[in-house]
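Below are the chains, spelled out letter by letter.
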Protein chains: 2
Amino acid sequence: MDLSRTKITIKQLSQEIGIGVDTLRVWERRYGFPLPHRDRRGHRSYTTKHLEELRVVKKLQIFGQRPSAIFSLSPTERHVLLEELLNTQRPENKSLEHLVFGMSPQQIVVELAEQKKRLGLAEFVKQTVVPLLQLIDHGWSSGRLSIAREHLISDQLTALLKAELSAAACPVRPQVLFLTLPGERHKLGLLLAAVQFQQAGVQSLLLNEELPLSEIPGLVAELAVEGVALSFSSHYPSRQAKHDLRSLRKSLNPAITIIAGGQAVQQLPTMPKLLVCSDLQQIPKLVKRYFKKNAMGIC
Amino acid sequence: MDLSRTKITIKQLSQEIGIGVDTLRVWERRYGFPLPHRDRRGHRSYTTKHLEELRVVKKLQIFGQRPSAIFSLSPTERHVLLEELLNTQRPENKSLEHLVFGMSPQQIVVELAEQKKRLGLAEFVKQTVVPLLQLIDHGWSSGRLSIAREHLISDQLTALLKAELSAAACPVRPQVLFLTLPGERHKLGLLLAAVQFQQAGVQSLLLNEELPLSEIPGLVAELAVEGVALSFSSHYPSRQAKHDLRSLRKSLNPAITIIAGGQAVQQLPTMPKLLVCSDLQQIPKLVKRYFKKNAMGIC
DNA sequence: ATATGGATTTGTCTAGGACAAAAATAACAA
DNA sequence: TTGTTATTTTTGTCCTAGACAAATCCATAT
């Protein structure tokens, strides 16, 4: 009944925290952490302790801290710093805390559905979904919330929002295709954006899989959509996002609008017909400006 | 409008085909393939051609061919061999071919929903879903079906089956938790199994995310389920599957049944309370034997 | 036919070096 | 003061070439 003595390889560790194998090795070389045991072959062998400490490191990194700063701190100091950073942007909603930490899966789904019904979709997203995602992030990083519960909740949330998306099945113009590139695991942000676009009068087609860049032009042509929306979470290397977008712009029909969202696309070089959408609040405006001028939804 | 001259790094290539970076390098060293260009730094730079040829290689590998055999063939010979292997197990259903290759996404969803309604869930799975998955695999490997279309269809299918799963919301005993481990990207097999179990009278809780091994015991206790089902596709290294299951068995409450499914779990050492389910057809029997003896669904 | 034991194949790991892109810092101008 | 540009440091990813256990194949013996 105890996994704390389970040894894992560098590859498994890499997969579980989302940090490359090479990076883990070079961190060890440069900063002396994480410093694993070795098996008789000389292969690195990590423990659950390393995993937990690296989750803190990862989270600090997402908050903008650089490795040199992170590793000059002791594990305890790192934890303290993380708590501080979290406190600067803690969401208020108390009822959500109850939902996140206390409820059973069945209760969660009922509660969410009820809130959606009561608030209406737009308000539900604003008042419940967005704070909920923040809270999940917080709970996850400070260790109060298990990864299992995090996944449980985001899974239920995904189901709920997806149902919303497919409900409006009448083919409206314009249509936008929503997808992620290989390596991008966070699909909730994309889903949220798709729902918002749909609310604003665009027909959102969500492809909930990671699609190679080279497949996009063909699919766009086949589906005859007006735009493609890509989501790049904070885990996605921003330089690669940049490169991907440039590459896509070159290979795609110039008439197609590209929409890029997520934390990884803050500063991007301007490109023809590229909309950068770093905030979900902007979406209604964006749609009005770029999509609704020459196209009407006739239903 | 042309991506064939797009250069990609070894990491990107690795992600797109699901073969490790180290493996790609050692294949080049040993067999001389794939042999990429180099940029001025000496870094490997692959093209779309490499990608396509490697997809054939990967597919041959899944068919049980070993690298030494695969790489002793020319690209053309490889393609021919793949076609031969595919022809040995081609599904019959002509109406499905039409669905897979011809229809628009909207048509697909309508068609699938209709078939499900007409056949009933059990028959729908048997007559439509399973052959459909086979056909998708075939089309994908022989290059007639784009990856985009493959994803499109499996996405729609997922939505349909998931709706089915959450429809029966009344809490029935026994409950089984369905999930995948980190690194396992193929979630359709798991979903299919969950649906079958649900049909057989088990309450299936599907967690559509990759959950670290160490999180499972806690979640199982929290949800108070009777069993955990894991799916290991042909992409998952079978030795790791073996290790994972052993590790899980040790850390989990001995009263909990573990169910392992997928192509990667053919020969497994016997373990207490471990059910190996290599064929979806067995599921009703399995449920009757191991779950239904002392538990009734009272609704 | 079935088990056993050795030979071969295969994927993943190792070390330590290299370098471009990104970020921080310094230098300078308005 | 603020803003721009050049210089330095940091950081992630790639490189080579070698090692080895686990998996698989193959030949021999029961």
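Residues numbered from 1 in each chain as written. Chains lettered and ligands numbered in written order. Predicted model: local features only at pLDDT ≥ 70, side-chain atom pairs only at ≥ 80, totals over all residues. Heavy atoms only, no water.

Draft legend 1. Structural detail: the protein's contact with DNA strand C. Within the structure, DNA strand C sits among 23 residues, and Arg-25 and Arg-44 of chain A together with Trp-27, Arg-30 and Tyr-31 of chain B are positioned closest to it. Among atoms of DNA strand C positioned within 4 Å of the protein, sugar and phosphate together represent 73%. Tyr-31 of chain B places a polar side-chain atom, nitrogen or oxygen, 2.7 Å from a phosphate oxygen of DNA strand C. Between Ser-68 of chain B and DNA strand C, the recorded distance is 2.8 Å, taken from a backbone N or O atom to a phosphate oxygen. (Near = heavy atom within 4 Å. Polar contact = N/O pair within 3.5 Å; in protein donor to acceptor, adjacent residues only side chain to side chain.)

Draft legend 2. Seen up close, the interface of chain B and chain A. Contact with chain B, which involves 44 residues of that partner, is made by 44 residues of chain A. Taking both sides of the interface into account, the surface hidden between chain B and chain A amounts to around 3900 Å²; carbon and sulfur atoms contribute 54%. At the junction of chain B and chain A, the tally comes to 4 salt bridges. Considering each element in turn, the side of chain B that touches chain A owes the most residues, 8 residues, to helix H9 (residues 147–167) of chain B. The class makeup of the residues in the side of chain B that touches chain A is 17 nonpolar, 15 polar and 12 charged. (Contact = heavy atoms within 4.5 Å. Buried area = accessible area lost by both parts, 1.4 Å probe. Salt bridge = Lys/Arg side-chain N within 4 Å of Asp/Glu carboxyl O. Helix = DSSP H or I, 4+ residues; strand = E, 2+ residues; numbered from the N terminus. Nonpolar A, V, L, I, M, F, W, Y, C, P; charged D, E, K, R; others polar.)

Draft legend 3. Spatial organisation of the environment of Ile-259 of chain A. Tracing the backbone through its elements, the reader meets Ile-259 of chain A in strand S6 (residues 257–261). Sequence separation between Ile-259 of chain A and Leu-51 of chain A is 208 residues; the distance between their C-alpha atoms is 35 Å.

Draft legend 4. Here's a closer look at helix H1 (residues 10–17) of chain B. Along H1 of chain B, the positions that sit buried rather than exposed are Ile-10, Gln-12, Leu-13, Ser-14 and Ile-17 of chain B. Looking at the buried side of H1 of chain B, the elements it contacts are helix H12 (238–251) of chain A together with helix H2 (21–31), strand S2 (44–45) and helix H3 (48–62) of chain B. (Buried < 20%, exposed > 50% of the residue type's maximum accessible area, 1.4 Å probe, protein only.)

Draft legend 5. Spatial organisation of the relation of the copies chain B and chain A. When chain B is fitted to chain A, the residual RMSD is 0.1 Å, and the transformation amounts to a turn of 180° plus an axial shift of 0.0 Å. Read as a symmetry element, the transformation amounts to a two-fold axis. A share of 100% of the interface residues of chain B reappears at the interface of chain A, consistent with the copies meeting face to face through the same patch. (Least-squares fit on C-alpha atoms with pLDDT ≥ 70 in both.)

Draft legend 6. Spatial organisation of the sheet that holds strand S4 (residues 203–210) of chain A. All names here are of chain A. Reading across from one edge, S4-S3-S5-S6-S7 is the order of the 5 strands in this open sheet, with parallel pairing throughout. The strands lining the two open edges of the sheet, one partner per strand, are S4 and strand S7 (274–277). With strand direction ignored, the average angle separating the axes of adjacent strands in the sheet is 20°. Both strand S3 (residues 175–180) and S4 contribute to a ladder of 5 bridges, which runs parallel. The residue bridging Thr-180 from the neighbouring strand is Glu-210, located in S4. (Pairing = 2+ DSSP bridges. Axes fitted to C-alpha atoms, helices over the stretch in contact; angles between N-to-C directions.)

Draft legend 7. Quick peek at the layout of surface pockets. By volume, the second largest pocket is sized at about 1400 Å³. In terms of lining, the second largest pocket is formed by 44 residues, of which the most central are Ala-159, Lys-162 and Ala-163 of chain A together with Ala-159 and Lys-162 of chain B. Elements with a minimum of two residues in the lining of the second largest pocket: helix H7 (105–119), helix H9 (147–167) and S4 of chain A together with helix H7 (105–119), H9 and strand S4 (203–210) of chain B. The element that contributes the greatest number of residues to the lining of the second largest pocket is H9 of chain B, accounting for 10 residues. For the lining of the second largest pocket, a count of residues per class yields 29 nonpolar, 11 polar and 4 charged. (1 Å grid on protein atoms, 1.4 Å probe; cavity = no way out; pocket = protein on both sides within 12 Å on 5 of 7 lines; lining within 4 Å. Points joined across faces, edges and corners; volume = space filled by probe spheres on them.)

Draft legend 8. Structural detail: the protein's contact with DNA strand D. Inspection of the region around DNA strand D gives 23 residues, with Trp-27, Arg-30 and Tyr-31 of chain A together with Arg-25 and Arg-44 of chain B positioned closest. Taking all atoms of DNA strand D within 4 Å of the protein, the share assigned to sugar and phosphate is 73%. The contact in question runs from a phosphate oxygen of DNA strand D to an N or O atom on the side chain of Thr-23 of chain A, over 2.9 Å. The contact in question runs from a phosphate oxygen of DNA strand D to an N or O atom on the backbone of Ser-68 of chain A, over 2.8 Å.

Draft legend 9. Structural view of the side chain of Arg-55 of chain A. All names here are of chain A. One can find Arg-55 in helix H3 (residues 48–62). No salt bridge forms around the buried Arg-55; measuring N to O, its nearest opposite-charge neighbour Glu-16 is 4.6 Å away. Residues contacting Arg-55, with those up to four places away along its chain left out, are Glu-16, Ile-17, Trp-140 and Ile-147. (Lys, Arg positive; Asp, Glu negative; His and termini not counted.)

Draft legend 10. The domain arrangement of chain A, seen in detail. Residue and element names in this part refer to chain A. For chain A, the assigned domains are domain 1 (10–87), domain 2 (94–165) and domain 3 (169–290). Placing the centre of domain 2 and that of domain 3 at their C-alpha centroids yields a distance of 24 Å. Residue-level contacts link 13 residues of domain 2 with 13 residues of domain 3. Between domain 2 and domain 3, a total of about 1200 Å² is buried, with carbon and sulfur atoms accounting for 78% of that surface. Contact with domain 3 buries area across many residues of domain 2, yet Leu-161, Lys-162 and Leu-165 alone supply 44% of it, more than any other trio. (Domains from an automatic or database assignment.)

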